[in-house]
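Analysis of the macromolecular model
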Amino acid sequence: MAKKKIATYIKLQCPAGKATPAPPVGPALGPHGVSAPQFVQQFNDRTKTMEPGLVIPVVITVYVDKSFTFILKTPPASVLIKKAIGLDKGSPESHKTKVGKLPRAKCEEIAKLKMPDLSANDVEAAMRIIAGTARSMGVEVEK
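Residues numbered from 1 in each chain as written. Predicted model: local features only at pLDDT ≥ 70, side-chain atom pairs only at ≥ 80, totals over all residues. Heavy atoms only, no water.

As annotated in an unreviewed UniProt entry, the protein chain carries the name Large ribosomal subunit protein uL11 and is attributed to Leadbettera azotonutricia. Reading the Function (unreviewed entry) entry of the UniProt record for the protein chain gives the comment "Forms part of the ribosomal stalk which helps the ribosome interact with GTP-bound translation factors." UniProt, in the comment section headed Sequence similarities (unreviewed entry), describes the protein chain in these words: "Belongs to the universal ribosomal protein uL11 family." (UniProt positions renumbered as here; feature names shortened; annotations may be inferred.)

See below:
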C-alpha cells in the first residue's frame, strides 16, 4: 500500500466539543478542499469527553486527494494556568503588575499534562517551562 501524498498541514485552535464550520475553521480548510462540516464533526466526537470549551490545538494533515487526518495536542500552558488559578486574562504589564500565585503542586500538574508536547527531558525541566509562561503572564510561581 502506497503512502498518500501530503498537500499541506493546517494548525488551528478550537474549543473542545464546540467547534463550528464558521471562522476560523471554515476559511482555513476551504482553500484546501477539505470539508469543514466533516472535520468539525470528527473533532467534536473526539473531544466530547474533554472539558467543554477548553481550547485544543489541532494539526490537520491534508492529502492531495482532499482527505485529511488530524492530531490533537494538549491545551496551551497559558490556558491551563488561567484555569488553575481562576483568571480571565494575564497581566497587561507582567513585569510590574502581578495577577495571582501559582502553587508548585499546580505547576507540576500542568507540567505533567503538557509533557508530550514539551521539549523537556523530565518533569523538573517541564515545570521551569511552565513557570516561565506563568511569569510572562504576570503570575508568580511559588517555590
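**A look at the environment of Leu 102**
Inspection of the secondary structure assignment puts Leu 102 in strand 4 (residues 100-102). Measuring from C-alpha to C-alpha, the distance between Leu 102 and Lys 112 comes to 15 Å, with 10 residues separating the pair along the chain. The residues contacting Leu 102, other than those within four sequence positions of it, are Ile 81, Ala 84, Ile 85, Cys 107, Ile 110, Ala 134, Val 139, Glu 140, Val 141 and Glu 142. (Helix = DSSP H or I, 4+ residues; strand = E, 2+ residues; numbered from the N terminus. Contact = heavy atoms within 4.5 Å.)

**Things to note about the packing of helix 4 (residues 104-114) against helix 5 (residues 123-136)**
Relative orientation of the contacting elements helix 4 and helix 5 amounts to 110 degrees, with a least axis distance of 8 Å. For the element pair helix 4 / helix 5, the angle class is roughly perpendicular. Contact residues: helix 4 offers Arg 104, Cys 107, Glu 108, Ile 110, Ala 111, Lys 112 and Lys 114, while helix 5 offers Val 123, Glu 124, Ala 126, Met 127, Ile 130 and Ala 131. (Axes fitted to C-alpha atoms, helices over the stretch in contact; angles between N-to-C directions. Parallel < 35°, antiparallel > 145°, perpendicular 65-115°, else oblique.)

**Brief notes about unusual backbone geometry**
Even without being glycine, Lys 66 reaches a positive phi, approximately 75 degrees. With respect to the helices, strands and loops of the structure, Lys 66 is situated in the loop between strand 2 (55-63) and strand 3 (68-72). Residue Lys 66 is classed as partly exposed on the basis of its relative accessible area of 48%. (Buried < 20%, exposed > 50% of the residue type's maximum accessible area, 1.4 Å probe, protein only.)

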